[in-house]
Amino acid sequence: MSTIEELLEIRNLSVSFDTPAGEVKAVRSASFSLKKGEILAIVGESGCGKSVLCKSIMKLLPGNARIKEGRILANGTDVTRYRERDMRKLRGNFFSMIFQDPMTTLNPTIPVGEQIAEAVAVHYKGQKRGKGQGKNLPMKKEDIYRRVIELMELVGIKQPKERYELYPYHFSGGMRQRLVMAIALAGEPQILFADEPTTALDVTIQTQILDLLCEIQRKLGMAAILVSHDLGVVARAADRVAVMYAGKIVEIGRAEEIFYDPRHPYTWGLMRSLPIFARPDEELYTIPGMPPNLLKMPRGDAFACRNEFALAIDYKEEPPMFQISDTHYAATWLLDMRSPKVESPLTGLGTFAPNGYRQIYIRKSLSEQRTAGKEGENGDKVILDVQHLTHQFKLGKKTVIPAVNDISFQIRKGEVFGLVGESGCGKSTVARCVMNIYRPAGGKILYQGINICDKEQVKANRRLLEASRQLIFQDAASSLNQRMKVSRIIEEPMRIHHIKTPRGSYHKEAEFQMKYVGMDASYLSKYPPELSGGMRQRVAIARALSMEPELLVADEPIASLDVSIQAQIINLFKHLQKEHGFTFLFIAHDLSVVRYLCDRVGVMYQGRLVEEAKTEDLFKTPVHPYTKALLSAIPIPDPRLEKDRKSPDFDEIKWPEKGEMVEVGPMHFVLKNA
Amino acid sequence: MSGKKIYFYYGRKALGFILSMAVLSFVVFYIARLAPGDALVSYYGERAEKMTPAERAFAEERLGLRAPVFVQYIRWAKGAIQGDFGISYKYKMDVMEVIRGRIGNTLILGGIGFILIFVLALFLGILCAWYEDRFPDRMICKIGIVTSCIPEFWLSLVLILIFAVYLRILPSSGAYTAGREGEIGDRILHLVLPMAIVVTGHLWYYAFMIRNKILEEVRADYVLLAKAKGLSKCKIMFGQCLRNVMPAYLSIMAISIPHIMGGTYIIETVFSYPGIGTLSYESARFKDYNLLMVLCMISGGVVILCNMAAQTINEQIDPRIRPGRENETSEVEGFGG
């Protein structure tokens, strides 16, 4: 029996799914242990088995999954072969789980209080049985109610009594995640599994939820396993970190060890592909290739073919876990005595300033170089001029939601204009107004001098307007027709507009565009479901490019992609902009991406533009309190910095109802409250 | 929801119902008269063919069939509003009287059939979902697919052959054996075969629907959370999944009432069961206009009422579409940001 400190111990756990295509090895001999009061983070790309690992410990996997080998020790007891009935006693009481999407994890037809009460009642019953008392008295209604209110207060829901009877749809995403947490905590579990708890939330709420999680964990002395792909989130919360790749834990150690002294090439790759680490004048690093097919595992190290430091032995034999220190282990042949010494490519990348902005590279940024070179060429040709744009949505007969309120900005030729803000701030509405999808309620939008709010002018210039503005959506899976071949998808806009193709036929043009976005022409005969997420986004971009547009409006084009694939798409955008001088309206909520890609940035809050400046100026000297809060909300992948940083308080920022834009610096405008 | 709003809400629904009925009655009235055939045949029988033109004109005048269709309709509608639906040409008595004698039989067959279908489908659906992809589920699904492929009329004939002709344990037709009218035991015996056909004809569709709906719910994220908080399978199935399936099921069942009733019409004919199904068939065939009108109005009314009921049930159960909630302030969520 292990020491009492060890709450959970996993030894050589392997989990497989039986699918019609064969056996999918989702987790391959994972071993780790969890001490009392500790937060272990599991990081890795999607599909690397992090969620499966957690769910297999709680036995929440679907029927076609089975634990092939290994043992799960909970408090020293082997629970690997526990039946469903026995597991149920552990669930909620010993361990509990919160999930990624709070929008779907609550039952929409049951009041939230009742959902928590259910968990409380179950826990109480389990306790009675556990103590072996014969009487199985149900908990009194009032006691349950009191406990539910207590839990709701614990997770920071104000006025819990009034909100007990409300349904999940009354709550925003962050509040729902709090409720889910209350449910998970009902049974006073010793271990809390948090499966991407902040991924589906806004940046502004992310830190709040994460801090709440840490606070409760400390208060109740729980241990937690945090699954995330966001290294910033991990840096903020985790004591120890495990890096997973293709179902295997490839590196595990204390957070400081993983962040400051990573040893596995995959960990290097993950860190390097973060936009926050990149210098604006060079391409983002991307890990070459794709994660392996879990159906047919390659021989040797699964990461070998993507590893630039791969040795011959990597292709023959899987590396064992090498011990680096008492707490730090990594599975790579590079640590073997006989292998050549390799310097970590991360050294020399520099450190972070407290605001998350890398100081070494401030002096030489791309946009400064560009403005220096290009100013003369293009003059100041304004492509898009948005003047006092206002738009509202009507709900029912009387309720009107002002989505966009008096917004003005200009985009010049060849410029990348970023629009950032939390969800619901009206960014997408602006994009749709610019694309003539919505008819704005007020204001003017001039595209190359044509007023696109005016029906007559739009009619007269339809060809030009439709062809030269193109929209790229967030979710490539749903913005491409699933039943159309890629070739037809790319050719369709050209066919509609009867464009004379410079390369002879539509098909040749499609081939050209595919190569242009970095895909093989053989993919033209495939259907979108056969492609991966990154490829689908490339096809969507190719479709937009086939019209040879001047203005590309990209509405969160990378939000639904994995970190390493994000980097590829960002590089593609950068390339397009640099080589061809496309003008971009780039909408995003990820500020590190915006900083890397955009020349100028507008910050939106509650339908208003609160600050607009050159990227450098905005990140260096933010003026509006909302911008400041937003900037400091980005989690930085640096545990020492991140752990002490206070999360910004967004509640204090006033709703900017009235006010005017005031120039505070060269090309730097801020909304001043009137 | 305030009291005033409720009146307004249901008032609007009632108005909609009355309007649809008015439109329906006019359309049926008009189409019935457009169709070929001789209404006098149903009144005078074979005699109608031997009538002289003068006699015929007199007879038509007497029955009010000479006036333009629109005038006829106004006349009919005036009577209908006062509760006078005219007389049946064939039975020579008040239409309501004719229907009153038959409608009970149909209600017994359709009503009990409906309840049986409702309960059995729920039971089988839950059973299948509980044992998903295991033996009971596979068996039930296979039986269901085979049975629902057999046409009703053929199955009725086979059952009559087996139970009434060879085994002689069940009667083949009618509602009572002659001379034993009013005996409950006899009534039940007569109901067994038609009821079996009604139930097997519709049961599987709804059972499979329940099964698939529940399985859809079982895969939802909130079930995972419910499991993670330690609820038992039974509690998750009945407290969470079934609860979310019920609105859809109830509203589909409400819409299914006319469907099931329609099914009994065919079966009534096969088993010579004296219900309004046989009556409607006769009235349409022999142009018994007044009878036809009332029967159509009854079926049409049932369809419209059931659809309304379905909508109301949905609104009552699902908190998100409950009426009168439009102005309730909810926290502002993303609208396409």
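Residues numbered from 1 in each chain as written. Chains lettered and ligands numbered in written order. Predicted model: local features only at pLDDT ≥ 70, side-chain atom pairs only at ≥ 80, totals over all residues. Heavy atoms only, no water.

Undergrad: Residue-level account of the environment of B:Leu203, with values.
TA: Residue and element names in this part refer to chain B. Along the chain, Leu-203 falls in helix α8 (residues 184-218). Along the sequence, Leu-203 and Thr-269 sit 66 residues apart, while their C-alpha atoms lie 21 Å from each other. In this view, Leu-203 contacts Ile-117, Leu-120, Ala-121 and Leu-124; residues no more than four positions away in its chain are not counted. (Helix = DSSP H or I, 4+ residues; strand = E, 2+ residues; numbered from the N terminus. Contact = heavy atoms within 4.5 Å.)

Undergrad: So what's going on with the domain arrangement of chain B? Which residues, and what values?
TA: A common way to state how big an interface is: give the accessible area lost once the parts meet. Residues and elements named next belong to chain B. Each assigned domain of chain B is listed here: domain 1 (3-81) and domain 2 (96-336). Its C-alpha centre places domain 1 at a distance of 32 Å from the equivalent point of domain 2. The partner domain 2 presents 21 residues to the 22 residues of domain 1 that form the contact. For the pair domain 1 and domain 2, the two sides together bury roughly 1800 Å², of which 72% comes from carbon and sulfur. Interface area lost by domain 1 to domain 2 is led by Lys-13, Phe-17 and Trp-76, which between them contribute 27%. (Domains from an automatic or database assignment. Buried area = accessible area lost by both parts, 1.4 Å probe.)

Undergrad: So, the layout of surface pockets: which residues are in play, and what are the values?
TA: In this structure, the second largest pocket encloses a volume near 1200 Å³. Along the wall of the second largest pocket there are 30 residues; nearest its centre are A:Leu60, A:Leu61, A:Pro62, A:Gly63 and B:Lys227. Residue assignment for the lining of the second largest pocket shows that the elements contributing at least two residues are α1 (50-58), β4 (65-74) and α2 (84-90) of chain A together with α5 (95-130), α8, α9 (221-228) and α10 (233-270) of chain B. Each residue belonging to the lining of the second largest pocket can be placed in one class, and the counts come to 17 nonpolar, two polar and 11 charged. (1 Å grid on protein atoms, 1.4 Å probe; cavity = no way out; pocket = protein on both sides within 12 Å on 5 of 7 lines; lining within 4 Å. Points joined across faces, edges and corners; volume = space filled by probe spheres on them. Nonpolar A, V, L, I, M, F, W, Y, C, P; charged D, E, K, R; others polar.)

Undergrad: Tell me what's going on with the packing of α10(B) against helix α11 (residues 276-285) of chain B, and back it up with residues and numbers.
TA: All names here are of chain B. Viewed as axis vectors pointing N to C, α10 and α11 meet at an angle of 85°, and their least axial separation amounts to 7 Å. Judged on the interaxial angle alone, α11 and α10 are roughly perpendicular. Residues Tyr-265, Glu-268 and Thr-269 of α10 form the contact with α11, whose own contacting residues are Ile-276, Gly-277, Thr-278 and Ser-280. Classifying every residue of the contact of α10 with α11 gives two nonpolar, four polar and one charged. (Axes fitted to C-alpha atoms, helices over the stretch in contact; angles between N-to-C directions. Parallel < 35°, antiparallel > 145°, perpendicular 65-115°, else oblique.)

Undergrad: Lay out the packing of helix α16 (residues 486-497) of chain A against helix α18 (residues 533-545) of chain A with the relevant residues and their values.
TA: Residues and elements named next belong to chain A. At their nearest, the axes of α16 and α18 sit 7 Å apart, and the two run at 30° to each other. Viewed along their axes, α16 and α18 adopt a mutual orientation that is roughly parallel. At the point where α16 passes α18, the crossing takes the right-handed sense. Listed contacts from α18 to Val-486, Ile-489, Ile-490 and Pro-493 of α16 are Val-539, Ala-542 and Arg-543. Here the residues of the contact of α16 with α18 are counted per class, giving six nonpolar, no polar and one charged. (Left-handed = near helix turned anticlockwise from the far one by under 90°.)

Undergrad: Pulling in residues and values, what's your account of the packing of aromatic side chains?
TA: This model, assessed by the stated rule, comprises 28 aromatic pairs over all chains. Each ring, one from A:Tyr167 and one from A:Tyr169, has its centre 6.4 Å from the other, and the planes form 25°; the classification is stacked. Looking at A:Tyr167, the relative accessible area reads 11%, which means it is buried. On the accessibility criterion, A:Tyr169 (22% relative accessible area) is partly exposed. Ring-pair connections join several aromatic residues into one group, and the members of that group are B:Phe26, B:Phe29, B:Tyr30, B:Phe70, B:Tyr73, B:Trp76 and B:Phe85. Here the basic side chain of A:Lys574 rests over the ring of A:Tyr596, its NZ or CZ set 4.3 Å away from the ring centre. (Phe/Tyr/Trp six-rings, centres within 6.5 Å; stacked < 30°, edge-to-face > 60°. Buried < 20%, exposed > 50% of the residue type's maximum accessible area, 1.4 Å probe, protein only. Lys NZ or Arg CZ within 6 Å of the ring centre and 35° of its normal.)

Undergrad: Which residues make up the sheet that holds strand β2 (residues 22-35) of chain A, and what values go with them?
TA: Sheets are built from strands that pair by backbone hydrogen bonding, the pairs being arranged parallel or antiparallel. All names here are of chain A. Read across the open sheet, the four strands follow the order β2-β1-β4-β5; overall the sheet is antiparallel. Of all the strands in the sheet, just β2 and β5 (77-78) have a single pairing partner and so form its edges. Note: strand β1 (residues 6-19) against β4, eight bridges, orientation antiparallel. Considered in β4, the bridge of Ile-10 is made with Ile-72. Running over the sheet, α1 touches β1, β2 and β4 and is turned about 110° from β1. (Pairing = 2+ DSSP bridges.)

Undergrad: Give a detailed account of the UniProt feature "domain: ABC transmembrane type-1" (unreviewed entry) in chain B, specifying residues and quantitative values.
TA: Mapped onto the present numbering, the UniProt feature "domain: ABC transmembrane type-1" (unreviewed entry) falls on residues 103-310 of chain B. Between the C-alpha atoms that bound residues 103-310 of chain B the distance is 24 Å, and the span itself is 82% helix and 0% strand. (UniProt positions renumbered as here; feature names shortened; annotations may be inferred.)

Undergrad: So, the UniProt feature "transmembrane region" (unreviewed entry) in chain B: which residues are in play, and what are the values?
TA: Residue and element names in this part refer to chain B. The feature "transmembrane region" (unreviewed entry), as given by UniProt, occupies residues 14-32, 107-131, 143-167, 187-207, 248-271 and 291-310 in the numbering adopted here. For residues 107-131, the end-to-end C-alpha separation is 35 Å, with 96% helix and 0% strand making up the annotated structure. The distance separating the terminal C-alpha atoms of residues 187-207 is 28 Å; by composition the span is 100% helix and 0% strand.

Undergrad: Go over the environment of B:Phe26, please, and point to the residues and values.
TA: All names here are of chain B. Assignment of secondary structure puts Phe-26 in helix α1 (residues 3-34). Note on Phe-26: relative accessible area 29%, which makes it partly exposed. Excluding anything up to four places from it in sequence, Phe-26 contacts Phe-70 and Tyr-73.

Undergrad: Requested: an account of the pattern of salt bridges, with residues and values cited.
TA: All chains considered together, the criterion is met by 36 salt bridges over all chains. With a closest N to O distance of 2.9 Å, A:Glu38 and A:Arg240 form a salt bridge. Of the two residues, A:Glu38 sits in the loop between β2 and β3 (39-43) while A:Arg240 sits in strand β9 (residues 240-245), which places them 202 residues apart along the sequence. Accessibility expressed as a relative area gives 12% for A:Arg240, which makes it buried. Residue B:Asp137 is joined to B:Arg211 by a salt bridge in which the shortest nitrogen-to-oxygen separation is 2.9 Å. Of this pair, B:Asp137 sits in helix α6 (residues 135-149) while B:Arg211 is found in helix α8, placing the two residues 74 residues apart along the sequence. (Salt bridge = Lys/Arg side-chain N within 4 Å of Asp/Glu carboxyl O.)

Undergrad: Summarise the side chain of A:Asn107; cite the residues concerned and give the values.
TA: Assignment of secondary structure puts A:Asn107 in the loop between β6 (95-98) and α3 (112-131). With a relative accessible area of 0%, A:Asn107 lands in the buried category. If we ignore the near neighbours within four places in the chain, the residues touching A:Asn107 are A:Gln115, A:Pro168, B:Tyr222, B:Gln240 and B:Asn244.

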